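# An overview of the molecular structure
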Amino acid sequence: RKEANEKNLQEDNLRAPVVCVLGHVDHGKTKILDKLRRTNVQEGEVGGITQQIGATNVPAHGVQRQTHMVKGFDMSNLNFPGLLIIDTPGHESFSNLRSRGSSLCDIAILVVDITQGLEPQTVESIDLLKKRKTPFVVALNKVDRVFEWESNPAKDIREVIKLQKEPAKNDFDRRTKEIIQALNEQGLNAALFWENPNPRSYVSLVPTSAISGDGMGNLIAMVCDLCQQRLNKRLMFSEELQCTVLEVKTIQGHGTTIDVILVNGRLREGDTIILAGTEGPIVTQIRSLLLPKPLKEIRVKGQYDEFKEIPAAQGVKIAARDLEKAIAGLNLQVAYHDDEVDLLKDDVDREFKAAMRSIKVK
Ligand code: GDP
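Each chain has its residues counted from 1, following the order in which its sequence is written. Only residues with pLDDT of 70 or above have their local features reported here, since the model is predicted, and side-chain atom pairs are shown and tallied only from 80 upward, although totals for entire chains, interfaces and linings are computed over all residues. In computing side-chain properties, one takes all heavy atoms of the structure into account and sets aside hydrogens as well as water.

For the protein, the name recorded in an unreviewed UniProt entry is Eukaryotic translation initiation factor 5B, with Homarus americanus as its organism.

Here it is in structure tokens:
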């Protein structure tokens, strides 16, 4: 199976990396996501950024528009088609199941409030990322709260810091040092990204403000750089399906649907899918594959467009029969032949039981 997978890897066809945002409550995860999605801008789809199911798709030209102020960031190096940012930072049940080590996220943004430092959920997130070996950057968020800080989101954050007056500089330096030390105590080498001596062994810190926008371009550029350095092989599109159920929802006109993140492979209308349910594995056929309509068209027709086939990486809504008892947080399988169904049901059942055990242990 491994061999087949290696053969399936397509070197010139990279999929979008899946980005997760983690951190302690109130440190600014939601606000950072909003900023990345630009939902507070009423222009619709700025730079081709589109809402997906449970995720936001930031295509390469969206990255370009948001990083134009970043010095030395070379877009022409970008060899993947943009970023897929997962929208559900604090989803309790999901993070419980996900923490079992599923490889949903390719890369992560760990949000740390610069005025608060590391807190219990920050440490939990670090442990999770270490366990999964997920590369990540730290957003040193709420930098606008630094004493006498002067914002300038149109400039590279390195320049913004240079332009601060002494009191702001001193306050920033002191807080940053404390956080670097706290990260050291968690067994992590860490440095401001422009002082990072070795991106393979040091975590980069990017000062940000999700309110003023300071450093947000640098954050996106840093995430892209890290993908470029660490994920090239992992991002090669593979036909081997990797798909996780995010949520189970009832939608008018479609009945019970599941929202999934398709990390690798593709889904087709009519595929036989197998997924965990409260009363055992569910086997059903995909009735429709749905993506949200572009914002402008939503009012005209239905909310969704239907597709015959969807390739990774994307957030997708699946309508099918018998999804009422589906469980979120676990993998979905596709049976390409009838004789695979029983085997995959066993796989799904095994994963479900292992997840239940790991939650009880907690
Ligand atoms: P979450 O719980 O991690 O998702 O945190 P939220 O995004 O909900 O933010 C918590 C609070 O901090 C909200 O009141 C935000 O408006 C505020 N906040 C988030 N980011 C920033 C920031 O960069 N600067 C300032 N001053 N406030 C922020």
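## Let's talk about the pattern of salt bridges
A side chain with one charge can pair with a side chain of the opposite charge if their charged atoms come near. Here is the rule: Here a salt bridge means any side-chain nitrogen of Lys or Arg lying within 4 Å of a carboxyl oxygen belonging to Asp or Glu. Numbering of helices and strands runs from the N terminus, with a helix taken as a DSSP run of H or I at least four residues long and a strand as a DSSP run of E at least two residues long. Each residue is assigned to one of three classes by its accessible area relative to the maximum for its type, calculated with a 1.4 Å probe on protein chains only: buried under 20%, partly exposed between the two thresholds, exposed over 50%.
Counted by the stated rule, this structure contains 18 salt bridges. Measuring nitrogen to oxygen at the nearest pair gives 3.2 Å for the salt bridge that ties Asp171 to Arg175. Residue Asp171 and its partner Arg175 are located together in helix α7 (residues 166-185), separated by four residues, close to a single helical turn. Judged by relative accessible area, which is 10%, Asp171 ranks as buried. Notably, a salt bridge pairs Glu178 with Arg174, separated by 3.3 Å at the nearest N-O pair. Of this pair, Glu178 and Arg174 both sit in helix α7, four residues apart, roughly one helical turn. Taken together, the shared-partner salt bridges connect Asp171, Arg174, Arg175 and Glu178 into one network.

## Notes on the packing of helix α2 (residues 29-37) against helix α8 (residues 216-230)
Using the following cut-off: A fitted line through C-alpha atoms serves as each axis, taken over the contacting stretch for helices, and the angle formed by two N-to-C directions is quoted from 0 to 180°. In these notes the angle categories are as follows: under 35 degrees is roughly parallel, over 145 is roughly antiparallel, 65 to 115 is roughly perpendicular, and the rest is oblique. What makes two residues a contact is simply this: any of their non-hydrogen atoms within 4.5 Å.
Running from amino to carboxyl end, α2 crosses α8 at an angle of 85°, the nearest separation of the two axes being 11 Å. Compared by their axis directions, α2 and α8 come out roughly perpendicular. Residues Ile32, Lys35 and Leu36 of α2 touch α8, and the partners they reach there are Met216, Leu219 and Ile220.

## A short note on unusual backbone geometry
Cis geometry is found at the peptide bond from Ala312 to Ala313, where omega equals -5°. Tracing the sequence through the fold places Ala313 in the loop between β17 (309-311) and β18 (314-320).

## What to know about the side chain of Ser204
Stated formally: Any N or O atom pair separated by 3.5 Å or less is treated as a polar contact, with the protein-specific requirement of one donor-capable and one acceptor-capable atom, and with residues adjacent in sequence counted only for side-chain atom pairs.
With respect to the element layout, Ser204 can be found in strand β9 (residues 202-207). Polar side-chain contacts of Ser204 include one of 2.8 Å to the side chain of Asn196. Discounting residues that sit within four places of it in the chain, Ser204 has contacts with Val137, Val138, Ala191, Phe193, Asn196 and Met222.

## Quick look at the environment of Thr50
Its location among the elements puts Thr50 in strand β3 (residues 50-52). Take Thr50: its relative accessible area is 22%, and that puts it in the partly exposed class.

## Focus: the pairing of strand β14 (residues 272-275)
Selection criterion: Paired strands are those between which DSSP finds at least two bridges.
Taking every second residue as pointing to the same face, both faces of β14 are buried, with Thr272 and Ile274 on one and Ile273 and Leu275 on the other. Bridge analysis of β14 against strand β15 (residues 282-292) gives four bridges, and the strand direction is antiparallel. Bridge pairing in β15 links Leu275 to Ile282. What sits between the antiparallel neighbours β14 and β15 is a turn of six residues, in which Gly280 has the positive phi angle 105°.

## Description of the sheet that holds strand β6 (residues 107-113)
Read from one edge to the other, the open sheet built from eight strands follows the order β3-β4-β5-β2-β6-β7-β9-β8, with strand pairing classed as mixed. Each of the sheet's edge strands pairs with one partner strand only, and the pair in question is β3 and β8 (189-192). The sheet shows a mean angle of 30° between the axes of neighbouring strands, taken without regard to direction. Strand direction decides the pairing type here: strand β2 (residues 18-23) and β6, joined by five bridges, are parallel. Counted as the bridge partner of Val19 is Ile107 from β6. Running at roughly 150° to β2, α2 makes contact with β2, β3, β4 (55-59), β5 (82-86), β6 and β7 (136-141) of the sheet. Running at roughly 160° to β8, α7 makes contact with β6, β7, β8 and β9 of the sheet.

## Looking at the nonpolar core
Note the cut-off: We call a set of buried Ala, Val, Leu, Ile, Met, Phe, Trp, Tyr and Cys residues a nonpolar core when their side-chain atoms join them within 4.5 Å.
Judged by nonpolar contacts, the single largest core of 63 residues is most densely connected at Val63, Leu83 and Ile109. Sequence-distant contacts of Ile109, that is, excluding residues within four places in its chain, are made with Val19, Cys20, Val21, Leu22, Leu36, Val137, Ala139, Leu219 and Val223. Core analysis: the second largest hydrophobic core is formed by 36 residues, Cys105, Phe237, Leu291 and Leu323 among them.

## Topic: the site of the ligand
We apply this condition: Nearness is defined per residue: one heavy atom within 4 Å of the molecule or strand is enough. Reported accessibility uses the Shrake-Rupley method at a 1.4 Å probe radius. Residues are deemed covered only where the shown protein chains occlude them. Side-chain classes follow a simple rule in which Ala, Val, Leu, Ile, Met, Phe, Trp, Tyr, Cys and Pro form the nonpolar group, Asp, Glu, Lys and Arg form the charged group, and the remainder, Gly included, forms the polar group.
As a matter of local geometry, the ligand sits amid 15 residues, with Asp26, Thr30, Lys31, Asp144 and Ala210 nearest to it. Between a nitrogen atom of the ligand and a side-chain N or O atom of Arg145, the distance comes to 3.4 Å. When the ligand is considered free in solution it has 580 Å² of accessible area, and contact with the protein chains removes 76% of it. The element contributing the most residues to the shell around the ligand is α2, with three residues. Each residue belonging to the shell around the ligand can be placed in one class, and the counts come to three nonpolar, six polar and six charged.

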